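Topology and contacts: notes
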Amino acid sequence: MSQVPSSSGGSTSARIADAIGKRILRRQYQVGQRLVEADLMRDFGVSRSTVREALKTLAASGVVELTHNRGAVVGELSAEDAKELLQVLEMLSALAARLAAENIGRGNNRQRFEAAAKPLTGIEFSDDLDRVLGQRARFYQVMFDIAGNKELDRAMPLPRVHLFRTQFHALLTRADVRAMVSEYRGITEAILDADPAKAEARMRRHIQKTAERTLPHYL
């Protein structure tokens with residue numbers, strides 16, 4: 001049985017929704033998979049009402065589909081969904097990169113960001129798909145933390161981002177991953193150089209390249 005995360009804040013159902021979203025990101029739950037209430041109750045040690053509330057939260061976020069016949073099912077993004085999500089991510093992630101560059105000299109921000117970026121941008125891991133994608137979540141988490149804007153955090157559609165990354169995980173080639181790592185190196189360099197304009201521009205370009213790598217799969 002998994003423990004309910006206690007550090008996320010909010011209600012128990014909100015924390016369960018967050019935990020389910022992270023399992024989607026780690027591909028423990030796949031697109032189209034049925035989420036059985038009894039299994040979730042057992043896994044997280046919570047009541048049926050808490051599980052149902054969490055699933056309603058995820059359904060409202062467009063991550064889970066609630067049906068009469070199958071109950072809760074992990075959703076799937078359409079081509080238009082993915083395009084619109086990436087448009088939003090470009091704006092929000094670019095702002096986070098800009099703010100992180102502005103704040104990099106404060107406190108221990110530089111050390112924290114270097115520690116988060118190194119496993120992702122290290123050349124020895126650039127061909128390791130699962131490792132790169134796993135380290136990416138930490139990179140973004142620390143970048144947004146350093147950006148230090150709570151409204152930006154609230155605006156970020158994380159559950160949908162997790163679903164997007166899971167949906168396209170199997171479609172990424174080794175060449176795609178190497179290109180991603182190169183882009184993250186450029187973003188990291190700009191943030192550590194405390195260059196907000198360059199950090200923003202490089203993050204925007206990275207999200208645009210992400211669209212180029214993923215959206216054609218819908219054709």
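Residues numbered from 1 in each chain as written. Predicted model: local features only at pLDDT ≥ 70, side-chain atom pairs only at ≥ 80, totals over all residues. Heavy atoms only, no water.

Of the regular secondary structure elements, the chain holds ten helices and three strands. In the chain, the order of α-helices and β-strands from amino to carboxyl end is α-β-α-α-β-β-α-α-α-α-α-α-α. Computed over the C-alpha atoms, the radius of gyration of the chain is 18 Å, within 12% of the 17 Å expected from 2.2 N^0.38 for a compact globule of 219 residues. C-alpha atoms of the chain, sized along the principal axes, occupy 50 × 45 × 30 Å. In the chain, buried positions account for 45% of the 219 residues. Across the chain, every contact between residues at least 6 apart in sequence was considered, and the portion connecting residues at least 24 apart equals 73%. Total accessible area on the chain is roughly 11200 Å²; 49% of this is exposed by carbon and sulfur atoms. Positive and negative side-chain charges in the chain, numbering 33 and 27 respectively, have mean positions lying 3 Å apart. (Helix = DSSP H or I, 4+ residues; strand = E, 2+ residues; numbered from the N terminus. Rg over C-alpha atoms; globule rule 2.2 N^0.38 Å. Buried < 20%, exposed > 50% of the residue type's maximum accessible area, 1.4 Å probe, protein only. Contact = heavy atoms within 4.5 Å. Areas by Shrake-Rupley, 256 points an atom, 1.4 Å probe, with all protein chains shown as cover. Lys, Arg positive; Asp, Glu negative; His and termini not counted. Charge placed at Lys NZ, Arg CZ, Asp CG, Glu CD.)

On to the pairing of strand E3 (residues 71-74), then. With two bridges joining them, strand E1 (residues 34-35) and E3 adopt antiparallel strand pairing. Considered in E3, the bridge of Arg34 is made with Val73. Alignment of strand E2 (residues 64-67) against E3, held across four bridges, turns out to be antiparallel. Each bridged residue has a counterpart across the sheet, and for Thr67 the counterpart in E3 is Gly71. With antiparallel pairing between neighbouring strands as the criterion, E2 and E3 make up a hairpin whose turn holds three residues. (Pairing = 2+ DSSP bridges.)

Turning next to the environment of Glu90. Within the secondary structure, Glu90 sits in helix H4 (residues 79-103). Judged by its relative accessible area of 17%, Glu90 falls in the buried class. C-alpha separation for the pair Glu90 and Gln208, spaced 118 residues apart in sequence, amounts to 7.3 Å. Once residues lying within four places of it in the same chain are set aside, the contact partners of Glu90 are Arg204, Ile207 and Gln208. Separated by 3.1 Å, the side chains of Glu90 and Arg204 make a polar contact. (Polar contact = N/O pair within 3.5 Å; in protein donor to acceptor, adjacent residues only side chain to side chain.)

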